[in-house]
Amino acid sequence: RAKQKGRNAWECFTSDINDEVSARMALRNDLQEAIEAENFELHYQPLLDAHSGDVVGVEALVRWKHPVKGYLSPGLFIPLAEDTGQIGPISEWVLRQACRDMCRLAAEGYGQYRVSVNLSPLQFRRPNFLSNLQQALLETGLAPEYLELELTEGILMADSAAAVETLHRLRDMGVEVSIDDFGTGFSSLSYLKQLPIGKIKIDRSFVRDIATSRHDGAIVQGIISMAHHLGLAVVAEGIEDAEQRDFLAAHGCDVFQGFFFARPMPLQKLRAYLGQPTVTSEGDALPASRFS
Ligand code: C2E
Ligand code: MG
Ligand code: MG
Ligand code: MG
């Protein structure tokens, strides 16, 4: 009987694994088709100057336009793409599309905005990363100072000598670099000090409880003051209410990002949000309402 039970458990176990494996394989095949058909879309979330409320840039966030499931968020397919190597072509597409969209906005008279693009660790470590980047800027016509790359702490810790070298080259090119999700990795003051980067983005998890948790409030306060002493600008992501905004403003945060101000939106909605006179505003995205 025990034998019988054991076998059932094993069969159960293997069939679970098989289900998971085939689900991943299906997703991977779907993703391959999406890459070939370029079934992705970039949504842009505005970044606002904490003092003036002006839009100082936008973050590009990729979505997969799945034929059946609709828009899929990056959390559902970027990790898989990193495992399968499909992240390469996706990143290439994201980078070029973001550059093209910013050039298009400028040509249409909406203004020239800096776009932040999230970088996967694998991309950053590729030997031809810098030449690919240069190529994308040349092809699309975006000036390097209008591109910002968001890296996570993990990228920099893993292979620090090579990473620091790449960062210097980016700075020489005029491309801005920020550290994303700051505070969730092994942030140490000493490593930040030696990096040629421009800003850090405080992770949403600290911002969330900023007004209610004395600890998170203190951590954020500490991060901001440390960053400023090192000459870095501070972005806070994930701001969802006025209390969070007020706390961050009171402690000198430089740039705001979050649903409280604007959600990530397709390019067409961004046009309306930026509110040029040639465009009819959609009402829910009037620039005048950002800071009231
Ligand atoms: P991230 O770079 O930290 O991007 C911020 C995420 O927080 C976005 O989620 C954004 O929609 C969300 N967010 C912004 N404000 C708020 C807020 O007020 N409240 C809440 N609850 N969420 C907010 P999204 O678009 O789902 O992206 C998730 C992650 O996927 C990104 O985190 C980034 O790490 C990754 N990702 C997105 N696009 C790309 C890409 O093109 N390439 C790579 N390698 N990774 C990407
Ligand atoms: Mg980011
Ligand atoms: Mg972030
Ligand atoms: Mg984050």
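Reading the values: the criteria
Residues numbered from 1 in each chain as written. Chains lettered and ligands numbered in written order. Predicted model: local features only at pLDDT ≥ 70, side-chain atom pairs only at ≥ 80, totals over all residues. Heavy atoms only, no water. Helix = DSSP H or I, 4+ residues; strand = E, 2+ residues; numbered from the N terminus. Buried < 20%, exposed > 50% of the residue type's maximum accessible area, 1.4 Å probe, protein only. Donors = N, O, S within 2.8 Å, 3.2 Å for Na, K, Ca; no water. Near = heavy atom within 4 Å. Polar contact = N/O pair within 3.5 Å; in protein donor to acceptor, adjacent residues only side chain to side chain. Areas by Shrake-Rupley, 256 points an atom, 1.4 Å probe, with all protein chains shown as cover. Nonpolar A, V, L, I, M, F, W, Y, C, P; charged D, E, K, R; others polar. Phe/Tyr/Trp six-rings, centres within 6.5 Å; stacked < 30°, edge-to-face > 60°.

Novice: Got a minute to help me understand the environment of H51 in this structure?
Specialist: Topologically, H51 is positioned in the loop between β1 (40-49) and β2 (55-66). Each C-alpha atom, one on H51 and one on R114, is 18 Å from the other, the two residues being 63 residues apart in sequence.

Novice: Would you explain the environment of T212 in this entry?
Specialist: For T212, the position within the fold is in the loop between α9 (204-208) and α10 (214-229). Exposure remark for T212: the relative accessible area of 68% places this residue in the exposed category. Along the chain, T212 and L167 lie 45 residues apart, while their C-alpha atoms are 37 Å from each other.

Novice: Can you walk me through the coordination of the magnesium ion (ligand 4) in this structure?
Specialist: Between any two of four tetrahedral donors, the ideal angle at the metal is 109.5 degrees; between two of six octahedral donors, it is 90 or 180 degrees. Only D181 (OD) and E237 (OE) from the protein reach the magnesium ion (ligand 4) as donors, at distances of 2.2 to 2.5 Å. In this model, the magnesium ion (ligand 4) sits 5.9 Å from the magnesium ion (ligand 2). With a gap of 56 residues between them, D181 in strand β6 (residues 176-182) and E237 in the loop between β8 (233-236) and α11 (242-250) connect regions that are remote in the sequence. Using a relative accessible area of 24% as the deciding quantity, one classes D181 as partly exposed.

Novice: Please explain the site of ligand 1 as it appears in this structure.
Specialist: Taken together, 21 residues are adjacent to ligand 1, and N118, D180, R204, E240 and F259 come closest. Within the backbone of V62, a nitrogen or oxygen atom sits 3.3 Å from a nitrogen atom of ligand 1. Within the side chain of D180, one N or O atom sits 2.8 Å away from an oxygen atom of ligand 1. Relative to its unbound accessible area of 800 Å², ligand 1 is 82% covered by the protein chains. Listed by contribution, the elements that provide at least two residues to the shell around ligand 1 are β2 and β6. When the residues that make up the shell around ligand 1 are grouped by side-chain class, the tally is eight nonpolar, five polar and eight charged.

Novice: Explain the packing of aromatic side chains to me, please; I cannot follow it from the model alone.
Specialist: When we look at a pair of aromatic rings, we describe it by the centre distance and by the angle of the planes. According to the stated counting rule, one finds six aromatic pairs in the structure shown. Ring geometry for F40 against W93: centres 5.9 Å apart, planes inclined by 45 degrees, an arrangement best described as tilted. Of the two residues, F40 sits in strand β1 while W93 sits in helix α3 (residues 87-107), which places them 53 residues apart along the sequence. Each member of the pair, F40 as well as W93, carries the same accessibility label: buried. A network of ring pairs unites the aromatic residues F40, W64, F77 and W93 as a single cluster.

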